[in-house]
Amino acid sequence: MTHDHGGAPDLAGAQRAHWQRTYHAHPGMYGEQPSAPARHAARVFAAAGARDVLELGAGHGRDALFLVREGFTVRATDFSPTGLEQLRAAAAEQGLTDRVTTAVHDVREPLPLPDASVDAVFAHMLLCMALSTEEIHALVAEVRRVLRPGGSFVYTVRHTGDAHYGAGTGHGDDIWENGGFAVHFFPRALVDALAEGWHLTEVHPLDEGELPRRLWRITQQTPR
C-alpha cells in the first residue's frame with residue numbers, strides 16, 4: 001500500500017535510502033555510549049514509574065539498549081532495517097534480547113500499537129527529520145494515543161537557532177538539507193503547538209556534536 005504523504009515524498013524516500021547507506025557504511029556509527037537525552041529520559045521515566053518504553057528512530061540502538069540496561073522493556077522502531085539489525089546483534093551480544101523488540105516503521109504511518117499501551121516514549125532527533133509540520137503533528141497525536149494516562153514523552157529536535165538553519169538546500173517548511181541529511185528545524189512556536197493538551201514540563205536547550213548542533217530537549221506528559 002502506498003500513501004501520498006504530501007510535503008516531499010521523494011525527499012523522504014531519498015532520506016530513507018541515505019540513512020540505509022550510512023548505516024551500511026558506518027556500523028554502530030554513534031558508538032555504544034548513550035546520548036545525554038537518553039540519560040535524562042531514563043531519570044524521567046523511572047521517576048514516573050514507567051516500565052515499558054517505545055523508542056522512535058532507534059537507529060543502531062545505543063539509547064534503546066541503555067534504557068534496557070536501566071531496567072525498562074523497550075520497543076525500538078526505525079525506518080532503517082540495517083540499523084535495527086545492528087541493534088538486535090548488539091542486544092544478543094549483551095544478553096538483552098528478551099527485553100527489547102524491534103519493528104521497521106515509517107513514522108508517517110500510524111504507530112503499530114494499541115491505544116494506551118506504553119508508559120513512555122523517547123525520540124532523539126527523530127521529529128526533526130524530513131517531515132512536514134503536518135506529519136509531525138500527526139506523529140505526536142499518535143504518540144499521545146499510544147501513551148497511557150500520565151505517560152512521559154521525551155524528544156529532542158534541532159531548532160532554528162542552529163547554524164545549519166537557512167543554509168544548504170531549502171525544501172520549504174523549515175526543512176534544510178546539508179551534507180545529504182535533511183532536517184526540519186523547529187521554531188519555538190511548533191514546540192508549544194505540539195504540547196497543546198499535554199503537560200509541558202521542560203524545554204531545555206543543549207548542544208551536541210560538532211558545529212555544534214543546537215537542540216531542544218522537550219519533556220511532556222499526558223494528563224492523568
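Please refer to the structure higher up on the page.
These numbers were taken from a predicted model, which means no experiment stands behind them.

Tracing the sequence through the fold places A48 in the loop between α2 (36-47) and β1 (52-56). Given a relative accessible area of 39%, A48 falls into the partly exposed group. Measuring from C-alpha to C-alpha, the distance between A48 and Q221 comes to 9.9 Å, with 173 residues separating the pair along the chain.

Once that is clear, we can look at the packing of α2 against helix α3 (residues 62-69). The N-to-C vectors of α2 and α3 enclose an angle of 30 degrees; their axes lie 10 Å apart at closest approach. Put simply, α2 runs roughly parallel to α3. The element α2 and its partner α3 pack so that their crossing is right-handed. Across the interface between the two elements, A38, R39 and A42 from α2 touch D63, F66 and L67 from α3. Taken together, the residues that form the contact of α2 with α3 break down as 4 nonpolar, no polar and 2 charged.

This next bit is on the pattern of salt bridges. Taken as a whole and assessed by the stated rule, the structure comprises 11 salt bridges. In this structure, R75 and D52 form a salt bridge, with 3.9 Å as the shortest nitrogen-oxygen distance. Taken together, the residues span a long stretch of sequence, with R75 in strand β2 (residues 73-78) and D52 in strand β1 at a distance of 23 residues. For R75, a relative accessible area of 27% gives the class partly exposed.

Spatially, 7 strands are ordered β3-β2-β1-β4-β5-β10-β9 in an open sheet, and the strand pairing comes out mixed. Each edge of the sheet is formed by a strand with only one pairing partner; in this case those strands are β3 (100-104) and β9 (199-208). With strand direction ignored, the average angle separating the axes of adjacent strands in the sheet is 15 degrees. Where β1 and β2 come together, 5 bridges link them in parallel fashion.

Counting buried positions over the 5 residues of β1 gives 5, a clear majority of the element. Taking every second residue as pointing to the same face, both faces of β1 are buried, with D52, L54 and L56 on one and V53 and E55 on the other. This β-α-β element, β1 to α3 to β2, shows right-handed connectivity. As paired elements, β1 and strand β4 (residues 118-124) share 3 bridges and run parallel to each other. The partner of V53 across the bridge, within β4, is A120.

Of note, the amide linkage connecting L211 to P212 takes the cis form, showing an omega dihedral of 0 degrees. The backbone of D173 shows a phi angle near 60 degrees, a positive value even though the residue is not glycine. A positive phi is found at L211, a non-glycine position, where the angle reads about 100 degrees.

Calculation criteria
- Residues numbered from 1 in each chain as written.
- Predicted model: local features only at pLDDT ≥ 70, side-chain atom pairs only at ≥ 80, totals over all residues.
- Heavy atoms only, no water.
- Helix = DSSP H or I, 4+ residues; strand = E, 2+ residues; numbered from the N terminus.
- Buried < 20%, exposed > 50% of the residue type's maximum accessible area, 1.4 Å probe, protein only.
- Axes fitted to C-alpha atoms, helices over the stretch in contact; angles between N-to-C directions.
- Parallel < 35°, antiparallel > 145°, perpendicular 65-115°, else oblique.
- Left-handed = near helix turned anticlockwise from the far one by under 90°.
- Contact = heavy atoms within 4.5 Å.
- Nonpolar A, V, L, I, M, F, W, Y, C, P; charged D, E, K, R; others polar.
- Salt bridge = Lys/Arg side-chain N within 4 Å of Asp/Glu carboxyl O.
- Pairing = 2+ DSSP bridges.
- Right-handed = clockwise from strand over helix to strand, strands pointing away.

These values are about where atoms sit, not about what they do.
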